[in-house]
Amino acid sequence: MASFSFPDAPIIFWFRDDLRLSDNAALSAAVSSGKPIIPVFVLETDAKHTPYGGAQKWWLHQSLINLSDQIAKLGNRLILRSGNAKDHITQLVENTGAQSVVWNRRYSRFGIDTDTKIKTALHDDGITAHSFAGRLMHEPTLLKSGTGGAYKVYTPFWKMFAATITPRAPLATPKELPAIENAPASDELIDWNLLPTKPDWSGGLAENWKPGTKGAFDRLEKFLANGLGRYDRQRDFPAIEGTSGLSPHLAFGEISPAQIWARVDQVAEGLPIDDVTTFRKELVWREFAYHLLVNFTELKTENYNQQFNQFPWADNAEHLRAWQRGQTGYPIVDAGMRQLYDTGWMHNRVRMIVGSFLVKHLLLDWRHGEKWFWDTLVDADPASNTASWQWVAGSGADAAPYFRIFNPITQGEKFDADGEYVKRWVPELSKVPTKFIHKPWEAPSKILQFAGVELGETYPHPIVDHKQARERALDAYQTMRGLAA
Ligand code: FAD
């Protein structure tokens, strides 16, 4: 790693979405200078900043406790501040005599704008500010397509990535974090009110997750031992724990993709190449999402494919609410939405099914889905969430064509053949025979009675008819094409 020269004064290290001490490029550079470090986290409350959703607030609270403990073990203290980042960073510089500020880069529109302003203000005051690459395995502006622009299609992006990018060897955890004598004042984490209270819905999150770097590495090792060697064959079946579950740890930067990549390299020998390659490709989907985000900064709010500006979206609050609560009458959709609400996570296959259902069966704008996912996912990520929603909607780069409409019944029958996933998350259907588990409305009334199901009472009738909804979606697509022509 290139060595940086820092003035002979304390260095402020600003944590953001990189809540780890190991493989932290900016932190390693600061520590290698031998100067005292002032570690800071700012809860940014600016109006332009998309605030953390409810599930991520819960995660952030746990993760900051974890990070503070790790920092304390190295003889330092994490300073917490909330409000405007520029105000706090410049004030800390003034109060501590720091002459440098370092951080790892972020790539959302708000992140880039804020960091650029802060860097300029610091430089104007004669303070050194260095930003480092730490969130991804490559800088997302680096790869150019054959025509010199951004990639729009994943496969050529992957090919170029595989041919030209070698993720760096992960950096070690610092052995110490020398502190300054008089640490600046810090907020108390509990005063940030990140945890839900009335009602406290976080039980399912606590049962399923262990935020923090240790939780991330425990999960990685479990996946390498039991999941990686079968990943390609198992990753599409939501009833199986066939994927890594690393996404929230990556979202908060408790583990870096380079660390995952390096451990995969270490264990790959002897494992089926298809499984290992498919997993690597998924990690690179995350890089691709960031590539799209930096090259199209309005990805969160605007259709990548501008034709979709003419799309005749429906406006139906009742349908949206039924979708959010897992009450659509389509068991695989409801199972997914309930898994999300309970655990803050949903299986990727089911994310695609529920996404398609919202956008195509209900004809609701993908931005409603993006927003709900942002609020409820523990892994909500500014690039992956938006790029994936646009992919599902058909409005994104390399998107699933709008006219390819997921059938929630056959998707359920294919990927949850014995209904195990549905029965876990929609317990009122647990006695419905497998034959009808994905279409209970087709079951003879005697069978439903025996299973204790009364449609419209214990479980909803389908809120839309699949065939009619499909035709309505295709008509809407044709209308859009006509208007956009
Ligand atoms: P694994 O299968 O173990 O994959 C390993 C890692 O690769 C993941 O942790 C993730 O970082 C990355 N990855 C896998 N698939 C994708 C993908 N399609 N796009 C980008 N990165 C991927 N992922 C998020 O991290 N945050 C989001 O906010 C998010 N929103 C989504 C919204 C929709 C509508 C859809 C269809 C997908 C979304 N995804 C999102 C992508 C994907 O569903 C999750 O990354 C994956 O389910 C996380 O589980 P895992 O860690 O077990 O993944």
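Anything mentioned here points back to the structure above.
Computed from a predicted model, the values in this text were never measured in an experiment. (Residues numbered from 1 in each chain as written. Predicted model: local features only at pLDDT ≥ 70, side-chain atom pairs only at ≥ 80, totals over all residues. Heavy atoms only, no water.)

Asks: Before we move on, can you summarise the pairing of strand β1 (residues 11-15) with the specific residues and values?
Replies: In terms of burial, β1 is largely enclosed, as five of its five residues are buried. Alternating positions in β1 separate into two faces, I11, F13 and F15 on one and I12 and W14 on the other, with burial throughout. Bridge analysis of β1 against strand β2 (residues 37-44) gives five bridges, and the strand direction is parallel. Bridge pairing in β2 links F15 to F41. Relative to strand β4 (residues 100-104), β1 is paired through three bridges, and the arrangement is parallel. The residue bridging I11 from the neighbouring strand is S100, located in β4. (Buried < 20%, exposed > 50% of the residue type's maximum accessible area, 1.4 Å probe, protein only. Helix = DSSP H or I, 4+ residues; strand = E, 2+ residues; numbered from the N terminus. Pairing = 2+ DSSP bridges.)

Asks: Help me get a handle on the packing of aromatic side chains, residues and values and all.
Replies: According to the stated counting rule, one finds 32 aromatic pairs in the structure shown. Both rings, one in W58 and one in W59, keep their centres 6.2 Å apart while their planes meet at 75 degrees; by these two values the pair is edge-to-face. Residue classification places W59 among the buried residues on the basis of a relative accessible area of 0%. Consider the rings of F223 and Y231, whose centres lie 5.8 Å apart with planes at 90 degrees: the pair is edge-to-face. Residue classification places Y231 among the buried residues on the basis of a relative accessible area of 6%. In this arrangement the basic side chain of R16 is found over the ring face of W14, its NZ or CZ atom lying 4.4 Å from the centre. (Phe/Tyr/Trp six-rings, centres within 6.5 Å; stacked < 30°, edge-to-face > 60°. Lys NZ or Arg CZ within 6 Å of the ring centre and 35° of its normal.)

Asks: Lay out the side chain of T278 in plain terms, naming residues and giving numbers.
Replies: Examined against the element boundaries, T278 turns out to sit in helix α11 (residues 273-295). According to the relative accessible area criterion, T278 is buried, its value standing at 13%. Engagement of the side chain of T278 in a polar contact is seen with the side chain of D232, the distance being 3.0 Å. T278 has contacts with Y231, D232 and R235, leaving out every residue within four places of it along the chain. (Polar contact = N/O pair within 3.5 Å; in protein donor to acceptor, adjacent residues only side chain to side chain. Contact = heavy atoms within 4.5 Å.)

Asks: Quick one: what's the story with the site of the ligand, residue by residue and with numbers?
Replies: Within the structure, the ligand sits among 25 residues, and Y231, T243, S244, G245 and N348 are positioned closest to it. For the ligand, an oxygen atom lies 2.5 Å from a polar atom in the side chain of Y231. A distance of 3.5 Å separates a nitrogen atom of the ligand from a polar backbone atom of R286. For the ligand, the protein covers 95% of the area, taking 820 Å² as the surface of the free molecule. Class assignment of the residues belonging to the shell around the ligand gives a composition of twelve nonpolar, eight polar and five charged. (Near = heavy atom within 4 Å. Areas by Shrake-Rupley, 256 points an atom, 1.4 Å probe, with all protein chains shown as cover. Nonpolar A, V, L, I, M, F, W, Y, C, P; charged D, E, K, R; others polar.)

Asks: Let's hear about helix α10 (residues 257-268): which residues, and what values?
Replies: Compared with an ideal rise of 1.5 Å per residue, which puts twelve residues at 16 Å, α10 spans 16 Å between its outermost C-alpha atoms and is within 8% of the ideal. Considered for burial, the residues of α10 that qualify are P257, A258, Q259, I260, W261, A262, V264 and A268. Buried positions along α10 lie against α5 (154-164), α7 (213-226), α9 (247-251) and α11. Just past α10, the residue G270 takes up positive phi, approximately 90 degrees. (Expected span 1.5 Å × (residues − 1).)

Asks: Kindly report on the environment of S356, identifying the contributing residues and their values.
Replies: Mapped onto the secondary structure, S356 falls in helix α14 (residues 348-361). Along the chain, S356 and P238 lie 118 residues apart, while their C-alpha atoms are 17 Å from each other. Excluding residues within four positions of it along the chain, S356 makes contact with H361, V392, I405 and F406.

Asks: An account of the pattern of salt bridges is requested, with residue identities and associated values reported.
Replies: Considering all chains together, one arrives at 23 salt bridges under this definition. For the salt bridge of E241 with K222, the shortest nitrogen-to-oxygen distance reads 3.1 Å. With a gap of 19 residues between them, E241 in the loop between α8 (231-234) and α9 and K222 in helix α7 connect regions that are remote in the sequence. Since its relative accessible area comes to 61%, E241 is described here as exposed. Across the pair D365 and R367 runs a salt bridge, and its minimum N-O distance is 3.0 Å. A residue is classified by how much of its surface remains accessible, and D365, at 14% relative accessible area, is buried. (Salt bridge = Lys/Arg side-chain N within 4 Å of Asp/Glu carboxyl O.)

Asks: Give me the lowdown on the nonpolar core, citing residues and values where you can.
Replies: The biggest cluster of nonpolar side chains holds 55 residues, and the ones touching the most others in it are W323, V333 and F373. Elements that contribute at least two residues to this core include exactly α12 (317-325), α13 (331-343), α14, α15 (366-376), α16 (384-393), α18 (420-425) and α20 (466-484). Residue contacts for V333: discarding those within four places in its chain leaves W323, T328, I353, V354, F357 and P408. Membership of the second largest hydrophobic core comes to 38 residues, among which are L136, L143, Y154 and L292. (Core = buried A, V, L, I, M, F, W, Y, C linked by side-chain atoms within 4.5 Å.)

Asks: So what's going on with the packing of α13 against α15? Residues and values would help.
Replies: It is at 9 Å that the axes of α13 and α15 come closest, and there the two elements cross at 40 degrees. Contact with α13, carried on its side by M337, L340 and Y341, involves W372, F373 and T376 of α15 and no other residues of that element. Among the residues forming the contact of α13 with α15, the class breakdown is five nonpolar, one polar and no charged. (Axes fitted to C-alpha atoms, helices over the stretch in contact; angles between N-to-C directions.)

Asks: A description of the sheet that holds β1 should follow, citing residues and the corresponding values.
Replies: Sheet architecture is open: five strands sit in the order β3-β2-β1-β4-β5, paired in parallel fashion. With one partner strand each, in any of the chains shown, β3 (79-83) and β5 (128-132) form the two edges of the open sheet. For this sheet the average axis-to-axis angle between neighbouring strands, irrespective of direction, equals 25 degrees. In this structure, β4 lies alongside β5, joined through five bridges in parallel fashion. Residue pairing in the sheet places N104 in a bridge with F132 of β5.

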